[in-house]
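# Residue-level structure breakdown
The residues making up each chain are set out below.
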Amino acid sequence: MGEPDETGRFGEFGGRFVPETLIPALQELDRSFRSAWADPVFRDELDTLLADYAGRPSPLTECHRLSAELGCRVLLKREDLNHTGSHKINNVLGQALLARRMGKTRLVAETGAGQHGVATATAAALLGMECLVYMGEVDMGRQELNVFRMRLLGAEVTPAVSGSRTLKDAVNEAMRDWVATVEDTHYCLGSVMGPHPYPWMVREFHRVIGSEASAQCRALLDGGLPDVVTACVGGGSNAAGIFSGFAEEPDVELVGVEPAGGAAVGHGVPGIVHGMKSYLMQDEFGQVSEAHSISAGLDYPGVGPEHSHLASLGRARYEQVTDEEVVDAFVLLSRTEGIIPALEPAHALAWVSRARSELEGRTVLVNMSGRGDKDVGQMMDVLRDRL
Ligand SMILES: *Cc1c(COP(=O)(O)O)cnc(C)c1O
């Protein structure tokens, strides 16, 4: 997975569809990221934080009992064991360090379910930066615990009160804030989406997942690689991170898994939202529609532009799973391996479980993007009659 072209596009997707006033800020960010990413001092500083603060490298776990149950060899990349419980820490540490290097003292971020807001608040606390998180008013009511976590970490949480008062409105508010405060503020965007350079930069900050995983697979598989690499797709950052370690290997199949109720690649059409051109869920009037799934972390109506590109090239394929399949996978991994997954990566597991006959005898690497602690309250209700 290479760089986008000079206009920030992956094929026909991506780009920079923003008001004139934001262009200089995006150009400055692009220049600063390029210089930081090429600077061994910056890379060292980030690698040290990833190791000593976030707990990297994350292990690769072979699932013996699950493999016996499904008839294929299942390996998990354990992003759930990172500090704060998911892959998101890779991106926020990278962006917070970059912001500091650019002389910024304040971070703004958007959050839907609250996980990216908590991760950004964590990085801001670590580096002594001010932090303001925009969160849809509706989401704030649904995710009280994460609102409290952010405040505990010293961040301010501001409700987005426009539109549907959910994630897509929080993104708009964060961008509006950034336009007015760019002098001292960095917009810490949470996935491989938005205007260039974000989709590329965020993927580069998550590349560590794929680099580690490919070396760990070679060590485990006598120099070989898995047949299939799969990850859940909301905006697509954890998937882009793990895919980046395998995309140049033509024999490795890449499978992104979306919720059936938020399948931007599966059911969307190309459109423009949040500064990028990509596949999007739209209604009959071309309005961006709401995504709905059991997992709040995957409720994004769009998808990162590089995934749209990989889909149009046929390099990756995108499958959809239902909430019911996700619940079964959540229980299955808990019972066979003693690992309670977050509902997001349970989507990837649900696809593996459904595709077990296609996968028979093959090796599948699943990106375990996060742990299930945050979801057990919700699942206690869902599983009330079953357990
Ligand atoms: C936020 C989140 C996701 C969805 O984000 P992507 O950008 O699609 O990776 C997936 N898994 C977990 C555990 C998350 O917290």
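Heads up: these notes are all about the structure in this document. In this text, all values refer to a predicted model and were calculated from it rather than measured experimentally. (Residues numbered from 1 in each chain as written. Predicted model: local features only at pLDDT ≥ 70, side-chain atom pairs only at ≥ 80, totals over all residues. Heavy atoms only, no water.)

The next subject is the sheet that holds strand β7 (residues 156-160). Taken in spatial order, the four strands of this open sheet run β7-β6-β5-β8, and their pairing is parallel. Among the strands making up the open sheet, the edge pair consists of β7 and β8 (185-187). Strand-to-strand twist in this sheet, taken as the mean axis angle between neighbours without regard to direction, amounts to 25°. Strand direction decides the pairing type here: strand β6 (residues 130-136) and β7, joined by five bridges, are parallel. What sits directly across from M135, in β7, is P159. Along the sheet face, helix α5 (residues 115-127) touches β5 (106-111) and β6 and points at about 165° away from the line of β5. (Pairing = 2+ DSSP bridges. Helix = DSSP H or I, 4+ residues; strand = E, 2+ residues; numbered from the N terminus. Axes fitted to C-alpha atoms, helices over the stretch in contact; angles between N-to-C directions. Contact = heavy atoms within 4.5 Å.)

We now examine helix α4 (residues 88-101). Taking 1.5 Å per residue, 14 residues should reach 20 Å; α4 reaches 20 Å between its end C-alpha atoms and fits that length. Counted residue by residue, α4 has 12 buried out of 14 residues, so it is predominantly covered. Where α4 is concerned, the buried positions are K88, I89, N90, N91, V92, L93, G94, Q95, A96, L97, L98 and A99. Of the surrounding secondary structure, the elements contacted by the buried residues of α4 are α1 (23-37), α2 (40-52), β5, α5, β8 and α9 (198-220). (Expected span 1.5 Å × (residues − 1). Buried < 20%, exposed > 50% of the residue type's maximum accessible area, 1.4 Å probe, protein only.)

One finds F42, L46, L93, L98, M150, Y187 and Y198 to be the most contacted residues of the largest nonpolar core, which totals 60 residues. Considering every element that reaches this core, the biggest residue donor is α4, with seven residues. (Core = buried A, V, L, I, M, F, W, Y, C linked by side-chain atoms within 4.5 Å.)

Counting across every chain of the model gives zero disulfides. Unpaired in terms of disulfides, C188 finds its nearest cysteine sulfur in C131, a separation of 8.0 Å. Take C217: it sits in no disulfide, and the sulfur closest to it among the cysteines is that of C63, at 12 Å. For C217, a relative accessible area of 0% puts it in the buried group. (Disulfide = S-S within 2.5 Å.)

The residue after R56, namely P57, is reached through a cis peptide bond having omega -5°. Along the chain, the position of P57 falls in the loop between α2 and β3 (60-63). Geometrically, the link from H196 to P197 is a cis peptide bond, its omega value of 15° lying close to zero. Residue position: P197 is located in the loop between β8 and α9. For T84, which is not glycine, the phi dihedral falls at a positive 75°. Within the secondary structure, T84 sits in the loop between β4 (73-78) and α4. Of note, D222 is a non-glycine position whose phi angle comes to about 50°, a positive value.

On to helix α14 (residues 343-354). Taking 1.5 Å per residue as the helical rise, α14 with its 12 residues ought to reach 16 Å, and the 16 Å between its terminal C-alpha atoms agrees with that figure. Taking burial as the measure, the 12 residues of α14 include 11 buried ones, the bulk of the element. What α14 keeps buried is the set L343, E344, P345, A346, H347, A348, L349, A350, W351, V352 and S353.

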